[in-house]
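# Analysis of the macromolecular model
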Protein chains: 2
Amino acid sequence: MNIVLIDSRQTQNDFWMISSQRQIQHLKQHLEIQVGENLKVGIRNGKRYLTEIIEISEKRILLKPLYEQATPAKLPVTLVVAMPRPKVLRRLIMDSVTLGVDKLILIHSYRVDKSYWQTPFLQQIDDYITLGLEQAGDTIVPKVEIYKRFKPFVEDVLPTLINENYPAFVAHPYAENKMPNSLDHGCTIVIGPEGGFIPYEIDLLCKNGCQVFHLGSRIIRTETVIPYVLGRLFP
Amino acid sequence: MNIVLIDSRQTQNDFWMISSQRQIQHLKQHLEIQVGENLKVGIRNGKRYLTEIIEISEKRILLKPLYEQATPAKLPVTLVVAMPRPKVLRRLIMDSVTLGVDKLILIHSYRVDKSYWQTPFLQQIDDYITLGLEQAGDTIVPKVEIYKRFKPFVEDVLPTLINENYPAFVAHPYAENKMPNSLDHGCTIVIGPEGGFIPYEIDLLCKNGCQVFHLGSRIIRTETVIPYVLGRLFP
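Keep in mind that this is a model prediction, so the values were computed, not measured.

## Brief notes about the sheet that holds strand S5 (residues 61-69) of chain B
Across a sheet, strands are paired by hydrogen bonds formed along the backbone, either parallel or antiparallel in direction. All names here are of chain B. Sheet architecture is open: five strands sit in the order S1-S3-S4-S5-S2, paired in mixed fashion. What marks the edges here is a single partner per strand, and that holds for strand S1 (4-6) and strand S2 (16-18). On average, each strand axis in the sheet is tilted by 45° relative to the strand beside it, whichever way the strands run. Note that strand S3 (residues 38-43) and strand S4 (residues 48-56) share five bridges and pair antiparallel. Directly across from Lys40, in S4, lies its bridge partner Leu50. Packed on one face of the sheet, helix H1 (residues 21-29) meets S1, S2, S3, S4 and S5 and runs near 155° to S1.

## Let's talk about the pairing of strand S8 (residues 143-147) of chain B
Bridge count for strand S7 (residues 101-107) of chain B against S8 of chain B is five bridges, and the pairing is parallel. The partner of Ile105 of chain B across the bridge, within S8 of chain B, is Glu145 of chain B.

## Thoughts on the sheet that holds strand S2 (residues 16-18) of chain A
All names here are of chain A. Here we have five strands laid out as an open sheet, ordered S1-S3-S4-S5-S2, and mixed in their pairing. Every interior strand has two partners, whereas the edge strands, strand S1 (4-6) and S2, have only one. Adjacent strand axes in the sheet meet at a mean angle of 45° when their direction is disregarded. Here S2 pairs with strand S5 (residues 61-69) via three bridges, running antiparallel. Across the sheet, Ile18 pairs through a bridge with Ile61, a residue of S5. Most of the contacts of helix H1 (residues 21-29) go to S1, to which it runs at about 155°, and overall it touches S1, S2, strand S3 (38-43), strand S4 (48-56) and S5.

## Observations concerning the domain arrangement of chain A
Residues and elements named next belong to chain A. The domain architecture assigned to chain A consists of domain 1 (4-69) and domain 2 (75-233). Of note, the centres of domain 1 and domain 2, computed from C-alpha atoms alone, are 33 Å apart. Between domain 1 and domain 2, the contact holds eleven residues from the first and nine residues from the second. Interface area for domain 1 against domain 2, summed over the two sides, is near 780 Å², with a carbon-plus-sulfur share of 49%. Taken together, domain 1 and domain 2 are joined by one salt bridge. Taken together, domain 1 and domain 2 are joined by eight residue pairs in polar contact (both at pLDDT 80 or more). Within the residue set of the side of domain 1 that touches domain 2, elements represented by two or more residues are S1, H1 and S3. Residues belonging to the side of domain 1 that touches domain 2 are distributed by class as follows: three nonpolar, four polar and four charged.

## Quick notes on the packing of helix H2 (residues 86-99) of chain B against helix H6 (residues 222-233) of chain B
Residues and elements named next belong to chain B. Closest axis-to-axis distance for the H2/H6 pair is 9 Å, and the angle between their directions is 10°. Considering their axes alone, H2 and H6 lie roughly parallel with respect to each other. On the side of H2, the interface is formed by Val88, Arg91, Leu92, Asp95, Ser96 and Leu99, while H6 contributes Thr222, Glu223, Ile226, Pro227 and Leu230. Considered class by class, the residues forming the contact of H2 with H6 number six nonpolar, two polar and three charged.

## Thoughts on the interface of chain B and chain A
In this complex, chain B contributes 31 residues to the contact, which on the side of chain A involves 31 residues. When the buried surface of chain B facing chain A is broken down by residue, Arg218, Ile219 and Tyr228 of chain B rank first, second and third, together holding 26% of it. Linking chain B with chain A are six salt bridges, by the criterion used here. The shortest N-O distance in the salt bridge between Arg91 of chain A and Glu223 of chain B comes to 3.9 Å. Secondary-structure elements contributing two or more residues to the side of chain B that touches chain A are H2, helix H3 (125-136) and H6 of chain B. If one sorts the elements of the side of chain B that touches chain A by residue count, H6 of chain B sits on top with seven residues. Here the side of chain B that touches chain A is built from residues that sort into 13 nonpolar, nine polar and nine charged.

## Brief notes about the nonpolar core
The biggest cluster of nonpolar side chains holds 86 residues, and the ones touching the most others in it are Leu230 of chain A together with Leu230 of chain B. If near-sequence neighbours (up to four positions away) are discounted, Leu230 of chain A is found in contact with Leu75, Val77, Leu99, Val101 and Ile189 of chain A together with Tyr228 of chain B.

## Focus on unusual backbone geometry
Residue and element names in this part refer to chain B. In the Ramachandran plot, Glu32 falls in the positive-phi region, its phi being about 45° despite a non-glycine side chain. You can see Glu32 is positioned in the loop between H1 and S3. What makes Glu32 exposed here is its relative accessible area of 53%.

## What about the relation of the copies chain B and chain A?
For the pair chain B and chain A, the best superposition has an RMSD of 0.0 Å and corresponds to a rotation of 180° with a translation of 0.0 Å parallel to the axis. Such a combination of rotation and displacement between the chain copies is what one expects of a two-fold axis. Most of the interface of chain B is mirrored in chain A, where 100% of its interface residues again form contacts.

## Some thoughts on the environment of Gln21 of chain A
For Gln21 of chain A, the position within the fold is in helix H1. Along the chain, Gln21 of chain A and Gly46 of chain A lie 25 residues apart, while their C-alpha atoms are 22 Å from each other.

## Considerations on the side chain of Arg218 of chain B
In this fold, Arg218 of chain B is placed in the loop between strand S11 (210-213) and H6. We classify Arg218 of chain B as buried; its relative accessible area is 11%. A polar atom in the side chain of Arg218 of chain B sits 3.0 Å from the backbone oxygen of Ala73 of chain A. Those residues within four positions of Arg218 of chain B in sequence are excluded, and the remaining contacts are Pro72, Ala73, Lys74, Val97, Thr98, Leu99, Gly100, Ala136 and Asp138 of chain A.

## Structural notes on the packing of aromatic side chains
Residues and elements named next belong to chain A. On inspection of all chains with the given rule, the structure shows eight aromatic pairs over all chains. Taking 6.0 Å as the distance between ring centres and 50° as the angle between the ring planes, the aromatic pair formed by Phe150 and Phe197 counts as tilted. Linking Phe150 in helix H4 (residues 150-161) with Phe197 in the loop between strand S10 (187-191) and helix H5 (199-207), this pair joins segments that are 47 residues apart in sequence. In this pair, the class of Phe150 matches that of Phe197, namely buried.

So, how was this worked out
Residues numbered from 1 in each chain as written. Chains lettered and ligands numbered in written order. Predicted model: local features only at pLDDT ≥ 70, side-chain atom pairs only at ≥ 80, totals over all residues. Heavy atoms only, no water. Pairing = 2+ DSSP bridges. Helix = DSSP H or I, 4+ residues; strand = E, 2+ residues; numbered from the N terminus. Axes fitted to C-alpha atoms, helices over the stretch in contact; angles between N-to-C directions. Contact = heavy atoms within 4.5 Å. Domains from an automatic or database assignment. Buried area = accessible area lost by both parts, 1.4 Å probe. Salt bridge = Lys/Arg side-chain N within 4 Å of Asp/Glu carboxyl O. Polar contact = N/O pair within 3.5 Å; in protein donor to acceptor, adjacent residues only side chain to side chain. Nonpolar A, V, L, I, M, F, W, Y, C, P; charged D, E, K, R; others polar. Parallel < 35°, antiparallel > 145°, perpendicular 65-115°, else oblique. Core = buried A, V, L, I, M, F, W, Y, C linked by side-chain atoms within 4.5 Å. Buried < 20%, exposed > 50% of the residue type's maximum accessible area, 1.4 Å probe, protein only. Least-squares fit on C-alpha atoms with pLDDT ≥ 70 in both. Phe/Tyr/Trp six-rings, centres within 6.5 Å; stacked < 30°, edge-to-face > 60°.

The structure is reproduced here in structure tokens:
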């Protein structure tokens, strides 16, 4: 937690208030905060401030805002990922948000087990986003969309994301060419499930404007490939 | 598990043998293997083969080697990481190995809690390496070294790793310049602990031949920064 993310409701009075038990506990136990110290605070979808800690109690922490701080820019990227196993979902969302993904889209695919869509973790996406923002020092919530049917997404939604300066790349081990690097423009990246997209899916993605590239001969897990490919594409 | 890693001892007879319970269970339960199917097998620190499954029993799987397959090349990189929290260690080692790190060095640093060195996970590094190799389809065990004292490592060991074509880069949020990208040579990368290196440590690293760079204004967790920086450095 490198900033504490609060809602604009919590900034209505002269002193701002942290009231989440998760945040209060983390600040007390891990950061061992004291009255009089400075604390970085972000307002969800708003600005980021340096504040001074005025009061620490069981149920709240009061802050005095000192001055505004810059928030980091997002990466110009739409990340489309086949729905991962539930225990990977939290980490995948946190990391994508921390690294600055502008828009995250979870999709179905042939090799995605249908049971994955039943996970209660899907209800907690907002919490994972908060954790990712607090890690990065960012305040702007990325857009998240979910499409539980592959074909309608690829045929109807994906083409609207693509243009000359914003291509779409699919990572696929059997592609001929290696993924580009060091882009000077934005793009959509499409990452398949464990075991990869099936040929029909790759075909449909290509027919709808995607370019298919490999990432070398090593097979990398979904949650690892995301930071790997973002580091590669956006220097 | 994209290959099954076995020891050369297990390849002494006409039919090769898988005897690890972990591997047998994974192959049966997750991959649902059947007699007559093909299976990718790597010999630890040796070659990689396509094999045919001859027999599946409770305690062993027998294989007939068919032909040799290429193993992926390593990245020309020595990764030096401040010892992470125990629960991060497993993932950090697996990912580093999967991505092809040639040599991994764990070091102490001021902000590394001394208790981290007591973790039983340190005894399981070989297991994590195996998992990383099996994920990547690689067979060559990377070198792993551990230095529990920062200063002797930086003064006596680090300079021996650095030369004109193999510089050492430290990732540090307060550096002036951004980390290079798309290298055409190898390098050592030094990654600090949660909270970063202290000024004294950065100083000592610089005095001993390191160049200090930042990775942008987002604060990224150690386990995420590793794939991110490897993707950036080695296209």
